[in-house]
Amino acid sequence: MMNNNELYVVTGVTGNTGSVVANTLLKAGKRVRVVIRDAAKGNIWAGLGAEVAIADFTDIPALTKALSGADGAYIISPPKYALDDLFTQAEIIATSFSEAAMKAKLPKIVALSSIGADKSSGTGWIAMNRVLEQYLSQTEIPVTFLRPAYFMENWTPMIKSITQGKLNSFLTPAGRKIPMISTQDVGRIAAEALCESWSNNRVIELEGPTAYSPDCVAIALTQALGITVGAIAIPEPNWTDALSNAGFSAPAFDGFVEMTRGLNSGHLAFSDDVMVDRRKGDITLENIIGHILRSS
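The structure reproduced in this document is the subject of the present report. (Residues numbered from 1 in each chain as written. Predicted model: local features only at pLDDT ≥ 70, side-chain atom pairs only at ≥ 80, totals over all residues. Heavy atoms only, no water.)

Right, let's get into the environment of Gly266. Of note, Gly266 is situated in the loop between α10 (250-265) and β13 (277-280). Taking the C-alpha atoms as reference, Gly266 lies 8.9 Å from Ile178; in sequence the two are 88 residues apart. (Helix = DSSP H or I, 4+ residues; strand = E, 2+ residues; numbered from the N terminus.)

Okay, structure coming up:
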């Protein structure tokens, strides 16, 4: 019998996956406590029936209070791309979450990580996810590490900046397909995983219903817009100009470059471990493109 008296803590509710996790749990009749840093952003969640906890992710006492009394928690470590010390900040947040979770005697955790977090080098931004995995693994709390593939929503800025039928892409070659998944599916699967029982640590790799390439994105846009769209790879020497308005610090830009090289070379890929659970989402790239175009 489902126990709807269970209380789950959800972080990252102002982002794509956390908001879906919280809404999915609330719709399932679960008690939800959202953790936010800005009290004003808690009003909407209070209106939906969630408890609201105010805590900075580096504030161990506040995090401990937010996690206490819960049956489980969904944890993300938001990257701070504008900071020069973004990797150091990621380690501080990982330390805070692991210490707070132990002090709160949290029974289980679902943590958002990434494809490639099993790699020790050549991963760029994904090194921040690896750090989170390493710290949470030391808590002796059962943790589920979600390692999603490339987010379909990463195409949003490229789709919104289409000119003369050209879809710019950092992924190359244009015809190479890689696993991709919607953040909506990531959030839904995270909520489902949080309600499961497991022991020790486990990894769940996440992908969409099929793999896609930049050419696939261009074809879907051609069909949706009624104009011919072609995928054009941005040469690496031009990446600096292409990202000039992204707000990245120099170390963040370097991390993006290393991560993207890893994706293009195949270094960043799903694990070969046959014991790793892999789950598929339902939302297609065409669904996401339609949403992006409607919101443009």
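Structure shown, so let's carry the discussion forward.
If you walk across this open sheet you meet the 3 strands as β7-β9-β11, and the pairing is mixed. Every interior strand has two partners, whereas the edge strands, β7 (150-151) and β11 (211-212), have only one. As paired elements, strand β9 (residues 178-181) and β11 share 2 bridges and run antiparallel to each other. Within β11, the residue paired with Pro179 across the bridge is Ala211. (Pairing = 2+ DSSP bridges.)

Now for the sheet that holds strand β5 (residues 109-112). Taken together, 8 strands build an open sheet; the order of strands is β3-β2-β1-β4-β5-β6-β10-β13 and the sheet is parallel. Two strands lie at the open edges of the sheet, namely β3 (51-54) and β13, each paired on one side alone. When the angles between neighbouring strand axes are averaged without regard to direction, this sheet yields 20°. Looking at chain direction, β5 and strand β6 (residues 143-148) are connected through 4 bridges and run parallel. Among the inter-strand pairings, Val110 is bridged to a residue of β6, identified as Thr144. (Axes fitted to C-alpha atoms, helices over the stretch in contact; angles between N-to-C directions.)

Glancing now at the packing of aromatic side chains. All told, the structure shown has 10 aromatic pairs when counted by the stated rule. Every member of this aromatic cluster is reached through a ring pair, and the members are Tyr81, Trp125, Phe170, Trp239, Phe248 and Phe256. Between Arg37 and the ring centre of Phe57, over which it is positioned, the NZ or CZ distance is 5.0 Å. (Phe/Tyr/Trp six-rings, centres within 6.5 Å; stacked < 30°, edge-to-face > 60°. Lys NZ or Arg CZ within 6 Å of the ring centre and 35° of its normal.)

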